[in-house]
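Residue-level structural notes
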Amino acid sequence: MTGIAGLTADEFYDRRDHRTDLVVASPAYRAASIRITLSPHATSFADQVAFLTAVNLTARWCRRISLSAPAVALDSRLGTAFGLSGMSAVKAAAALAHAADPFARVGVDLVPEPTIHLVIGTDAPRGTYPILGRGWLAMAGDAVRGDGDTENPLGAVLAACVGVAYLFRTAVGIPRPARVRLSLWNLRGGEAAGQGPRLPQASLGRVLVVGCGAVGSAILYLIPLAGLGGVFELVDHDRVQISNLSTAPIFFADNVGDDKVEIAVEYLKRNRVAAVTHASWFDEAVAAGRILVERPDLIIPAANERNVRRQIQHQAPPLQVYGTTGKNWDAFVGRHIPLKEDCLTCRFPQAQPVGEPPLICGSGTLPTVPELETPVTATLPFLPAVAAVMTVAELIKTALPGYPLNANFGCLDFLGPLKHFIVVPHAPRRGCICEEQDGVWIQLNAATIFAQLSNSSLRDSCVRE
Ligand SMILES: [Zn+2]
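Residues numbered from 1 in each chain as written. Predicted model: local features only at pLDDT ≥ 70, side-chain atom pairs only at ≥ 80, totals over all residues.

1. What to know about helix H5 (residues 89-100)
The end-to-end C-alpha separation of H5 is 17 Å, in line with the 16 Å expected for twelve residues at 1.5 Å each. Buried positions along H5 lie against strand E1 (33-38), helix H3 (45-58), strand E2 (64-68), helix H4 (76-82) and strand E3 (105-108). (Helix = DSSP H or I, 4+ residues; strand = E, 2+ residues; numbered from the N terminus. Expected span 1.5 Å × (residues − 1). Contact = placed C-beta atoms within 7 Å.)

2. Some words on the nonpolar core
Proteins that are soluble and globular tend to have nonpolar side chains buried together. Ile-131, Val-386 and Val-389 are the most contacted members of the largest nonpolar core, which totals 149 residues. Residue contributions to this core peak at 14 residues, all from helix H6 (residues 154-172). Counting only domains with at least three residues in this core, you end up with domain 1 (9-192) and domain 2 (202-461). Residues within four places of Val-386 in sequence aside, it is in contact with Leu-158, Cys-161, Ala-331, Leu-412 and Phe-414. (Core = buried A, V, L, I, M, F, W, Y, C linked by C-beta atoms within 7 Å. Buried ≥ 20, exposed ≤ 12 C-beta atoms within 10 Å, placed from the backbone. Domains from an automatic or database assignment.)

3. Description of the environment of Ser-26
Residue placement: Ser-26 occurs in the loop between helix H2 (18-21) and E1. With 147 residues separating them in the primary sequence, Ser-26 and Gly-173 have C-alpha atoms 8.5 Å apart. Beyond its immediate stretch of four places on either side in the chain, Ser-26 contacts Val-172 and Gly-173.

4. Side note on the pairing of E2
Pairing geometry for E1 and E2, over five bridges, is parallel. Bridge pairing in E2 links Thr-37 to Ser-68. Pairing between E2 and E3: four bridges, direction parallel. Its bridge partner being in E3, Ile-65 is matched across the sheet by Val-106. (Pairing = 2+ DSSP bridges.)

5. Observations concerning the sheet that holds strand E4 (residues 116-120)
Pairing is mixed in the open sheet, where eight strands are placed in the order E3-E2-E1-E4-E5-E6-E7-E8. Whereas interior strands pair on both sides, the edge strands pair on one side only; in this sheet they are E3 and strand E8 (188-189). In terms of strand pairing, E4 meets strand E5 (residues 129-134) through three bridges, oriented parallel. Paired with Ile-120 across the bridge in E5 is Ile-131. Across the sheet, H6 lies against E1, E4, E5, strand E6 (137-140) and strand E7 (180-183), angled at about 160° from E5, the strand it touches most. (Axes fitted to C-alpha atoms, helices over the stretch in contact; angles between N-to-C directions.)

6. Some details on the sheet that holds strand E14 (residues 330-336)
Pairing is mixed in the open sheet, where eight strands are placed in the order E11-E10-E9-E12-E13-E14-E15-E16. Each edge of the sheet is formed by a strand with only one pairing partner; in this case those strands are strand E11 (274-278) and strand E16 (422-423). Where strand E9 (residues 202-210) meets strand E10 (residues 228-235), seven bridges bridge the pair, whose relative direction is parallel. Within E10, the residue paired with Ser-203 across the bridge is Gly-229. The sheet contacts of helix H8 (residues 260-270) involve E10 and E11, and relative to E11 the element is tilted by about 175°.

Spelled out as structure tokens, the structure:
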């Protein structure tokens, strides 16, 4: 049986909110009443993306939501994405909120009680918090400006996450962000935040996505909206659980019990992106010869169970781009250009099975992730989407001249004022398994489409830490 039939509201919320409760001590968010408005002059694709994303992610923790929007039809791309073609924007938003949380009180232009009010647009009334995305820029508070690219959804998605973080911080009594201006183009904030170019229509080639949980599924949510294509292979053994409904924008209550990869592939196919499923663990899929027989051009490692990061690195992987979330309200983007930058194991040195000597890099300062089984990931409802939009921004840049355009590690701290990204280059570590992979890497990956980034002569100029 799939779905949540038979559960009471309390039983549903106990399971749904578990990951959120691991991060915040205050249960005050459960009683919050939220209003989200799409203003009459903000009805473009980017604005509708911001509206739907904000409503979708708010319905992952807030139980009372009031919506208002002008009578505009849902953009056809969003209609296709969610199977809601022909609806108005506000009806579609309400449908998503209901699907995410069937017990929520979601209404249009009602909610008599005091509310925290988020507005997508430039003409926000006093006492409300405005957000807007234009091109690669996410803006909030008095940084909001209406001019710019309305066909790029990236800034809009990040703006929605900033807006939902504002609502959540208000609900739990944490000081709120004020003026926010962040660029996914140059990973800078404030006046240094760059506008960036228009989005290319780009193919990523053959893409292996390992993990369709909170971050992996949020990346897949954004792939077609950002105009990215390719042939996707999705690997994940898990089924959708109620706890996944606290974060994942493409998982809804009716999907509980279904394979995550099936729901994700259904979403991609509906959006005309080619995709196939492997409902198994990464190591099992490798052992059975179901993946990596034909080399992928790109791997998105979005899992951390069963020592999977080390197992991926043992396959001498091609270019890797991914996002992660931390337990302190932070979201990260990572990249590994083989033979040039650090690898997945350099960055996530893990506990070793008995009998295998510890790596030198295991003494590094980066967080150790020792779990061998599926871990329960503490996270907040909007953080995986932040990690995902940073990841998709990096993926789009692979199609632009001069790639790579920024350092291979970026972070946004959603407990702080959101003034800047933290961007830090990571070099390979001495003693890591990637040190011995140069020869085999070239044999395996020379024909992959991002191989030219891994000019082996660069290894000589790269200083191991
Ligand atoms: Zn390494």
